[in-house]
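# Chains, contacts and geometry: an overview
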Amino acid sequence: MSARVHSRLLAGTMLLLAGAAVAQEATTPTMPPISTPLPPAPDRQPHAAVKLADYRYDDLLWENDRTAHRIYGHALEAAEPPSGSGIDSWGKNVIWPFADRQLRSGDQHSYHGEGLDFYNVGTGRGAGGLGIWHDNKLWTSRNYTRYRILKNGPDAADFEVDYAPWPVEVDRRVWETRRFTLPVGTQFTRMVSTLSSDKPGPLTVGIGIGRHAIGSSEGALTVDRAHGILSFWSAEDGVHGRMAIALKVDPAMIVDVKNDFDNYLVLLKVEPGKPFVYYSGSAWDKGVGGFRTRAEWDRYVLSAPADFRVPTDRRQGKTR
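Residues numbered from 1 in each chain as written. Predicted model: local features only at pLDDT ≥ 70, side-chain atom pairs only at ≥ 80, totals over all residues. Heavy atoms only, no water.

## Section: the overall build of the protein chain
- Along its length, the protein chain carries 4 helices and 20 strands.
- A total of 320 residues make up the protein chain; the buried ones form 53% of that total.
- For the protein chain, long-range pairs separated by at least 24 residues make up 66% of all intrachain contacts whose partners lie at least 6 apart in sequence.
- In the form shown here, the protein chain has an accessible surface area of approximately 13,600 Å², with 53% of it arising from carbon and sulfur atoms. (Helix = DSSP H or I, 4+ residues; strand = E, 2+ residues; numbered from the N terminus. Buried < 20%, exposed > 50% of the residue type's maximum accessible area, 1.4 Å probe, protein only. Contact = heavy atoms within 4.5 Å. Areas by Shrake-Rupley, 256 points an atom, 1.4 Å probe, with all protein chains shown as cover.)

Quick look at the structure:
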């Protein structure tokens with residue numbers, strides 16, 4: 001599909017292309033070769049789940065019938081520096097939870113028949129991590145320090161984490177509590193972030209999608225500022241295929257869209273102590289959801305509902 005036709009499909013958007021053009025032909029995916037199959041799932045019904053991987057430096061895993069993610073615990077900082085607070089996204093091609101069994105295999109980067117972790121977070125924000133944009137630089141937290149599971153399925157994975165104070169330059173410190181809610185039937189996790197600061201005054205928050213080249217290409221990014229969308233379609237990573245990542249934010253909060261070395265960023269103006277909502281979504285082009293082309297993913301992202309009202313309810317979870 002030509003860029004001109006794609007522009008007509010997404011009127012009012014700006015397309016930012018990085019590297020070679022991405023093929024738009026929809027085909028039945030060729031799956032990677034299967035390594036040792038995972039142990040059978042105890043429940044093959046579609047449902048959402050959140051799990052602490054205390055056997056693996058306190059990774060937090062969450063998934064539904066369409067997508068799977070993890071964030072990294074404080075213990076990983078010493079074991080695998082420079083571990084950070086980016087969000088990992090996994091390819092998934094089953095409707096039941098698989099991430100815990102995949103991680104327990106000790107070989108989560110290989111395909112065992114249900115999905116795999118091949119998306120490279122690195123030092124970037126991954127699939128929707130954030131930081132504070134100051135002096136033309138993104139200042140980011142380390143890994144989460146505490147968690148509270150609010151609901152472990154079956155209709156939603158719902159939890160909160162705390163990020164310890166981190167410096168913004170030398171004269172300000174910021175800390176965060178963030179709630180993650182992933183219902184069944186969607187590619188999008190709803191985030192509610194509350195940032196605090198030891199000094200008054202607004203913050204410029206940068207929410208990012210990680211940049212990293214595969215071969216000679218970084219993939220392709222669609223920016224639709226009017227609808228508060230950044231939508232990314234990765235370059236093809238050999239037999240692993242492509243990951244699609246998207247952010248949805250309140251357009252009224254946007255102050256800029258820009259890149260740094262590690263990320264594509266949407267910048268929002270935020271008041272300390274005032275929660276705000278954004279969405280992070282992902283899909284695997286070989287996985288559930290049926291997104292085989294960039295155009296299909298962009299259409300879905302544009303049509304997916306988003307509610308930026310801050311919730312007033314809060315279920316009580318156990319803090320650890």
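So, next bit.
## Description of the nonpolar core
- Ranked by internal contacts, the top residues of the largest apolar core, which has 52 residues, are Ile71, Ile207 and Phe276.
- With 6 residues, the single largest contributor to this core is strand E10 (residues 156-168).
- Among all residues touching Ile71, those that are not within four sequence positions of it are Asp59, Leu60, Trp62, Gly86, Ile87, Tyr144, Phe159, Val161, Tyr163 and Phe180.
- Formed by 14 residues, the second largest nonpolar core is a distinct cluster that contains Trp233, Ala246, Val277 and Trp297. (Core = buried A, V, L, I, M, F, W, Y, C linked by side-chain atoms within 4.5 Å.)

## Here we look at the pattern of salt bridges
- Scanning the model with the defined rule gives 20 salt bridges in all.
- The partner of Asp158 in a salt bridge is Arg179, and the shortest N-O contact between them spans 2.7 Å. Highlighted residues: Asp158 in strand E10 and Arg179 in strand E11 (residues 172-183), separated in sequence by 21 residues.
- For Asp158, a relative accessible area of 2% corresponds to the buried category.
- Close ionic contact of Arg294 with Asp298 constitutes a salt bridge, the shortest N to O distance being 3.7 Å. Of the two residues, Arg294 and Asp298 are both situated in helix H4 (residues 294-303); the distance of 4 residues between them amounts to about one turn of the helix.
- Its relative accessible area of 7% is what places Arg294 among the buried residues. (Salt bridge = Lys/Arg side-chain N within 4 Å of Asp/Glu carboxyl O.)

## Looking at unusual backbone geometry
- A cis amide bond, omega 0°, links Pro81 with the succeeding residue Pro82.
- Summarising the element assignment, Pro82 is placed in the loop between helix H2 (76-79) and strand E5 (88-92).
- The amide bond that connects Gly153 to the next residue, Pro154, takes the cis arrangement and shows omega of 0°.
- Relative to the helices and strands, Pro154 is located in the loop between strand E9 (146-152) and E10.

## Topic: the sheet that holds strand E7 (residues 127-134)
- On the basis of which strands lie adjacent, the open sheet formed by 5 strands has the order E8-E7-E13-E18-E17 and antiparallel pairing. Bordering the open sheet on either side are strand E8 (137-139) and strand E17 (254-259), each of which pairs with just one other strand. For this sheet the average axis-to-axis angle between neighbouring strands, irrespective of direction, equals 35°.
- Bridge count for E17 against strand E18 (residues 263-270) is 5 bridges, and the pairing is antiparallel. Each residue of the ladder has a partner; that of Lys258, found in E18, is Leu265. (Pairing = 2+ DSSP bridges. Axes fitted to C-alpha atoms, helices over the stretch in contact; angles between N-to-C directions.)

## So, the packing of aromatic side chains
- In this structure the tally under the stated criterion is 14 aromatic pairs.
- Relative to Phe180, the ring of Trp62 has its centre 5.2 Å away and its plane inclined at 65°; by these criteria the two rings are edge-to-face. Placement of Trp62 in strand E3 (residues 59-63) and of Phe180 in strand E11 is noted, with a sequence separation of 118 residues between them.
- A ring pair is formed by Phe188 and Tyr279, whose centres lie 6.5 Å apart and whose planes are at 80°; its orientation type is edge-to-face. Linking Phe188 in strand E12 (residues 188-197) with Tyr279 in strand E19 (residues 276-284), this pair joins segments that are 91 residues apart in sequence. (Phe/Tyr/Trp six-rings, centres within 6.5 Å; stacked < 30°, edge-to-face > 60°.)

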